[in-house]
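A look at the structure
Each chain, written out:
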Amino acid sequence: MIAPTIDGRETGVGAFVASLLGLVGLLVALPIVLLAGAPFWGWLLGVGLWILNWSVQLFTGRLSLRISAPAAVGVSGISFMARAWLVAILLFVVALRFSQEAALAAAGVFLAAFTFDLAGRAILFGLTQQQSPEESAAVAADANAAAGEIPAPWTQDLAAQARPAGRDRPSE
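Residues numbered from 1 in each chain as written. Predicted model: local features only at pLDDT ≥ 70, side-chain atom pairs only at ≥ 80, totals over all residues. Heavy atoms only, no water.

The first and last C-alpha atoms of helix 4 (residues 69-97) sit 42 Å apart over 29 residues, in line with the 42 Å expected at 1.5 Å per residue. Every buried residue belonging to helix 4 is among Ala-72, Ser-79, Arg-83, Val-87, Leu-91 and Val-94, and all of these are buried. Against helix 3 (40-64) and helix 5 (100-128) lie the buried residues of helix 4. (Helix = DSSP H or I, 4+ residues; strand = E, 2+ residues; numbered from the N terminus. Expected span 1.5 Å × (residues − 1). Buried < 20%, exposed > 50% of the residue type's maximum accessible area, 1.4 Å probe, protein only. Contact = heavy atoms within 4.5 Å.)

Right, here's the structure in full:
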């Protein structure tokens, strides 16, 4: 168990690497920026913007764990849009006031890191949320039973296979 997740669970080496793919994107972008002849400070600006974005995302994720689900969706959505607008506005200011080349380099670096980070988060989600079809069916059947709904016949069969012997209903 190597890397703690946002909710405190621990994961393996693969999850740790997946959580750092955004940083890999930053490193991959450096030689591309230098070979393209763009200003080095454009790369630094992109790195700074991405680290700021990543930090706010982590803070928002931790905050979302402590509030209700509808509020968490709202906070996450507002944070996502606000971060996108903040980065876009800062890049426009840099392009208009200082250097278009640096702003373009920063935008490319930011997008590379953001894309790598998004891929890493998708991989991390897959690694931490793996369930067999039987486990998924058991969870669905238990949720339906707890809600008093009649589950579909196929979920009853799969849930019965996944449920330990002697457990007919979900524990309350």
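Below, the discussion takes up the confidence of the model for the protein chain. Of the residues in the protein chain, 68% reach a pLDDT of 70 or more, and the chain-wide mean stands at 79. For the stretch residues 1-5, pLDDT sits under 50, and the model shows 15 contacts to residues farther than four places along the chain or on other chains. (pLDDT = per-residue confidence, 0-100.)

Moving on, we come to the environment of Phe-98. Topologically, Phe-98 is positioned in the loop between helix 4 and helix 5. In this structure Phe-98 touches Trp-41 and Val-93, once residues within four positions along its chain are discounted.

Generally speaking, nonpolar side chains in soluble globular proteins are found buried as a group. Among the nonpolar cores identified, the biggest contains 15 residues, and Leu-26, Trp-43, Trp-50, Val-109 and Phe-110 are the most heavily contacted of them. When residues of this core are traced back to their parent elements, those giving at least two are helix 2 (21-35), helix 3, helix 4 and helix 5. No other element matches helix 5, which puts 6 residues into this core. When residues no more than four places from it in sequence are discounted, the contact partners of Phe-110 are Gly-46, Leu-49, Trp-50, Asn-53 and Val-87. (Core = buried A, V, L, I, M, F, W, Y, C linked by side-chain atoms within 4.5 Å.)

What follows deals with the packing of aromatic side chains. Here the structure, examined in full by the defined rule, presents 3 aromatic pairs. Look at Phe-40 and Trp-43: their rings are 5.6 Å apart centre to centre, the planes differ by 25°, and that puts the pair in the stacked class. In this pair, Phe-40 and Trp-43 are both assigned in helix 3, 3 residues apart and thus about one turn of the helix distant. Aromatic side chains Trp-50 and Trp-54 sit 4.9 Å apart centroid to centroid with 20° between the ring planes, which places their arrangement in the stacked category. Separated by 4 residues within a single helix, Trp-50 and Trp-54 lie in helix 3, roughly one turn from each other. (Phe/Tyr/Trp six-rings, centres within 6.5 Å; stacked < 30°, edge-to-face > 60°.)

Turning our eyes to something else, we now look at the pattern of salt bridges. Counting across every chain of the model gives 1 salt bridge. In this structure, Arg-121 engages Asp-117 in a salt bridge whose closest nitrogen and oxygen atoms are separated by 3.0 Å. Within this pair, Arg-121 and its partner Asp-117 are both found in helix 5, separated by 4 residues, close to a single helical turn. For Arg-121, a relative accessible area of 33% translates into the label partly exposed. (Salt bridge = Lys/Arg side-chain N within 4 Å of Asp/Glu carboxyl O.)

Along the polypeptide, Asn-53 turns up in helix 3. For Asn-53, the contacting residues outside a window of four places in its chain are Arg-83, Phe-110 and Phe-114.

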